[in-house]
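Listed below are the residues making up each chain.
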Amino acid sequence: MADAKDKQLKTAKTKFGRAAPSRFPKYFCLGVMLSCAALNFTGALELLDRQWVDTMFRLRGPEDADSNLVVVAIDDASITEVGQYPWPRGSYKRLLDKLFGAGVKAVGLDIMFFEPSPSPNDDRQLIEVTRKYGEKVVHSVNNDPGVQEKYSFVYPFRGLRAASKSLGCGTQPSVERDGSVRQTPTVIGENLDPFTWASATKAIPTLGVKLL
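Residues numbered from 1 in each chain as written. Predicted model: local features only at pLDDT ≥ 70, side-chain atom pairs only at ≥ 80, totals over all residues. Heavy atoms only, no water.

S.K.: Account for the side chain of Asp-122, with residues named and values stated.
M.R.: Structurally, Asp-122 can be placed in helix H6 (residues 120-133). Buried charged residue Asp-122 carries no salt bridge. Nearest counter-charge: Arg-94, at 6.5 Å. Discounting residues that sit within four places of it in the chain, Asp-122 has contacts with Pro-88, Arg-89, Gly-90 and Ser-117. (Helix = DSSP H or I, 4+ residues; strand = E, 2+ residues; numbered from the N terminus. Buried < 20%, exposed > 50% of the residue type's maximum accessible area, 1.4 Å probe, protein only. Lys, Arg positive; Asp, Glu negative; His and termini not counted. Salt bridge = Lys/Arg side-chain N within 4 Å of Asp/Glu carboxyl O. Contact = heavy atoms within 4.5 Å.)

If you want it as structure tokens, here you go:
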């Protein structure tokens, strides 16, 4: 009996006289990996991540917008004053002249001028004011919603695009599956590299980034 125990003890020891390593860490790590894989597959980790982000935003609290930024909205009051929307494009010439005359540094137009208007004179005024202020005027580009699974940008009509030195993608915020907006892209395009996206030929900064 004693000889059997001695034999088992000797077998359980290495040549250095230490106990053989336990297999528990290996099985424990394997169990954790399988558990994480199962949680990720079921979407539980994504849910926890969203809840964590929401908690961090609540703890931070709301922040005031930069006082140097001003939104000139097309609202009921402006429609009452200017007229039914869409407005003649000549009205944007008057608006831009007034804004830059007041000392505004740059203007981003979150308005899609994809097609020429019925009034060539109005289009000419918009083209002229765009050329006049150069890079200070940022016109909107949009991703074609009719093209799936790849980016296909829609630009301003030919004359306006030729006059535009600054273009930004007027993309909508990224609405997640639960209806919340937790992040927004800064550049739109294909095969973006985090180090070279600024020079990517198939990428366009969003309107806000280009305006900045």
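So much for the structure itself; the text now carries on.
S.K.: I'd like a rundown of the pairing of strand E2 (residues 137-143), residues and numbers included.
M.R.: Across the seven residues that make up E2, a large majority, five, are buried. Two elements, E2 and strand E4 (residues 166-169), share four bridges in a ladder whose sense is parallel. The residue bridging His-139 from the neighbouring strand is Leu-167, located in E4. Bridge count for E2 against strand E3 (residues 153-154) is two bridges, and the pairing is antiparallel. By the bridge assignment for E3, Asn-142 is matched with Val-154. (Pairing = 2+ DSSP bridges.)

S.K.: I'd love a proper account of the nonpolar core, names of residues and values included.
M.R.: Core analysis: the biggest nonpolar cluster contains 17 residues, and Leu-96 and Phe-113 have the highest contact counts within it. Among the secondary structure elements, those contributing two or more residues to this core are helix H5 (90-101), H6 and helix H7 (158-163). Excluding residues within four positions of it along the chain, Leu-96 makes contact with Val-107, Leu-109, Val-129, Tyr-133 and Val-137. (Core = buried A, V, L, I, M, F, W, Y, C linked by side-chain atoms within 4.5 Å.)

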